[in-house]
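Chains, contacts and geometry: an overview
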Amino acid sequence: MTDVWSYKDKRVVIAGCFSGMGEACARELVRLGAEVHGVDIKKSPVDLATFTQLDLRDIPAIEQAVASIGGAVDAVFNCAGLPQTFPATDVVGVNFVAIRYWTEQWIPRIRDGGAIVTVASNSAMNYQARLALLKEFIAIDTPDGALAWIADHLADVGDGYGFSKEALLVWTQMRSVDLIQRGIRINATLPSPTATPMMKDFESLTAKRILDLFALPSGRQSTAEEQAWPLIFLNSAAAGFISGACLPVDCAFTGGVNTGLIDVGKLVAAARANGDHPSK
């Protein structure tokens with residue numbers, strides 16, 4: 001009988017394996033027996049099968065990295081991303097345009113029954129409010145065209161972070177419909193604030209008390225491992241009938257918002273009235 005939880009003899013790739021959720025994910029996958037190939041701008045501390053240095057802002061280098069790793073894979077883990085301390089064009093360019101391009105390069109190499117999972121954010125949970133705009137953007141299927149669209153829509157894109165994560169959620173759901181015809185699943189997670197090195201970038205722009213609102217009602221940030229485990233589950237055979245899902249990994253925050261028990265707008269307004277404004 002097949003062990004649906006096992007990654008033994010599975011070949012996987014991870015974008016963003018240097019730190020945070022990606023590092024935790026890579027480390028656990030190695031422990032589970034997977035052959036793990038990683039890319040990042042900095043070398044991963046995990047003992048991987050291969051590591052390829054890659055700056056996702058360099059689109060041609062993405063093709064080269066995929067070709068360098070080569071071969072067929074069972075799963076793709078997309079854990080890379082930029083915070084909004086970078087220019088908005090870079091943020092959307094990496095978090096959505098490059099991640100989509102990287103994934104699309106791997107799709108012909110994914111074995112039947114394989115899977116893709118991408119880290120989004122619970123800051124993107126209201127994506128349906130601008131679904132038409134997001135679908136307009138996602139319909140541009142070339143990196144150059146998508147980057148040009150961003151430059152022409154900076155007012156809509158804002159700081160880039162929330163928009164990029166919203167685009168990931170919409171793309172994941174749309175792509176799931178045709179990929180499942182090939183037996184390939186694709187899902188995304190929506191983490192709440194997580195204690196990773198990137199958190200300092202968020203805290204440099206937004207008061208900690210406001211960020212902490214997105215960690216209600218648990219009252220704490222998650223760990224990188226607590227975010228990695230659901231990613232590993234979604235790409236395992238145990239999640240074999242789950243595709244097109246956008247899974248909140250936020251310990252009841254989404255449940256509170258969806259049922260009206262947590263009013264984010266009201267809480268943020270109250271925090272700002274008390275002087276908790278973004279630091280920049």
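Here is what the cut-offs are and how they apply
Residues numbered from 1 in each chain as written. Predicted model: local features only at pLDDT ≥ 70, side-chain atom pairs only at ≥ 80, totals over all residues. Heavy atoms only, no water. Pairing = 2+ DSSP bridges. Helix = DSSP H or I, 4+ residues; strand = E, 2+ residues; numbered from the N terminus. Axes fitted to C-alpha atoms, helices over the stretch in contact; angles between N-to-C directions. Contact = heavy atoms within 4.5 Å. Buried < 20%, exposed > 50% of the residue type's maximum accessible area, 1.4 Å probe, protein only. Arc of directions from axis to C-beta. Core = buried A, V, L, I, M, F, W, Y, C linked by side-chain atoms within 4.5 Å. Salt bridge = Lys/Arg side-chain N within 4 Å of Asp/Glu carboxyl O.

Some points on the sheet that holds strand β3 (residues 50-53)
Spatially, seven strands are ordered β3-β2-β1-β4-β5-β6-β7 in an open sheet, and the strand pairing comes out parallel. For this open sheet the edge positions go to β3 and β7 (246-249), each flanked by a neighbour on one side alone. The sheet shows a mean angle of 15° between the axes of neighbouring strands, taken without regard to direction. The strands touched by helix α3 (residues 88-106) are β1 (11-15), β2 (35-40), β4 (73-78) and β5 (110-119); relative to β4, the strand with the most contacts, the crossing angle is about 180°. Across the sheet, helix α10 (residues 224-234) touches β4, β5, β6 (185-191) and β7, and the angle it forms with β6 is around 165°.

Description of the environment of Pro83
Tracing the backbone through its elements, the reader meets Pro83 in the loop between β4 and α3. Accessibility expressed as a relative area gives 4% for Pro83, which makes it buried. Remark: the alpha-carbon pair of Pro83 and Ile232, spanning 149 residues in sequence, is separated by 23 Å.

Some points on the side chain of Thr52
Note that Thr52 resides in strand β3. A relative accessible area of 16% means that Thr52 is categorised as buried. In contact with Thr52, not counting residues within four places along its chain, are Gly38, Val39, Asp40, Ala65, Ser68 and Ile69.

Quick look at helix α4 (residues 131-138)
Among the residues of α4, Leu133, Leu134, Phe137 and Ile138 are the ones counted as buried. In an axial view of α4, the angular spread of the buried residues amounts to 135°, which keeps them on one side of the axis.

A word on the nonpolar core
Within soluble globular proteins, side chains that are nonpolar tend to cluster in buried spots. Ranked by internal contacts, the top residues of the largest apolar core, which has 55 residues, are Phe96, Trp102 and Phe137. If one sorts the elements of this core by residue count, α3 sits on top with eleven residues. Discounting residues that sit within four places of it in the chain, Trp102 has contacts with Val13, Ile14, Ala15, Val39, Leu54, Ile62, Val66, Ile69, Val76 and Asn78. Among the nonpolar cores identified, the runner-up in size contains 23 residues, and Met21, Val46, Cys79 and Ala228 belong to it.

Observations regarding unusual backbone geometry
Omega for the bond connecting Leu216 with Pro217 falls within 30 degrees of zero, at -5°, which places this linkage in the cis form. Tracing the backbone through its elements, the reader meets Pro217 in the loop between α9 (208-213) and α10. One non-glycine residue with positive phi stands out, namely Cys251, at about 50°. Along the polypeptide, Cys251 turns up in the loop between β7 and α11 (253-258). Of note in the backbone geometry, Ala252 takes a positive phi value of approximately 85° without being a glycine. Relative to the helices and strands, Ala252 is located in the loop between β7 and α11.

Structural notes on the pattern of salt bridges
Taken as a whole and assessed by the stated rule, the structure comprises ten salt bridges. Across the pair Arg111 and Asp74 runs a salt bridge, and its minimum N-O distance is 2.8 Å. Remark: Asp74 occurs in strand β4 and Arg111 occurs in strand β5; sequence separation between them is 37 residues. Of the residues examined, Arg111 reaches a relative accessible area of 38% and is grouped as partly exposed. Of the residues examined, Asp74 reaches a relative accessible area of 13% and is grouped as buried. Between Arg175 and Glu104 there is a salt bridge, and its shortest N-O distance comes to 2.8 Å. Of the two residues, Arg175 sits in helix α7 (residues 161-179) while Glu104 sits in helix α3, which places them 71 residues apart along the sequence. A relative accessible area of 24% means that Glu104 is categorised as partly exposed. In the salt-bridge network here, residues are joined through shared partners; they are Asp55, Arg57 and Asp90.

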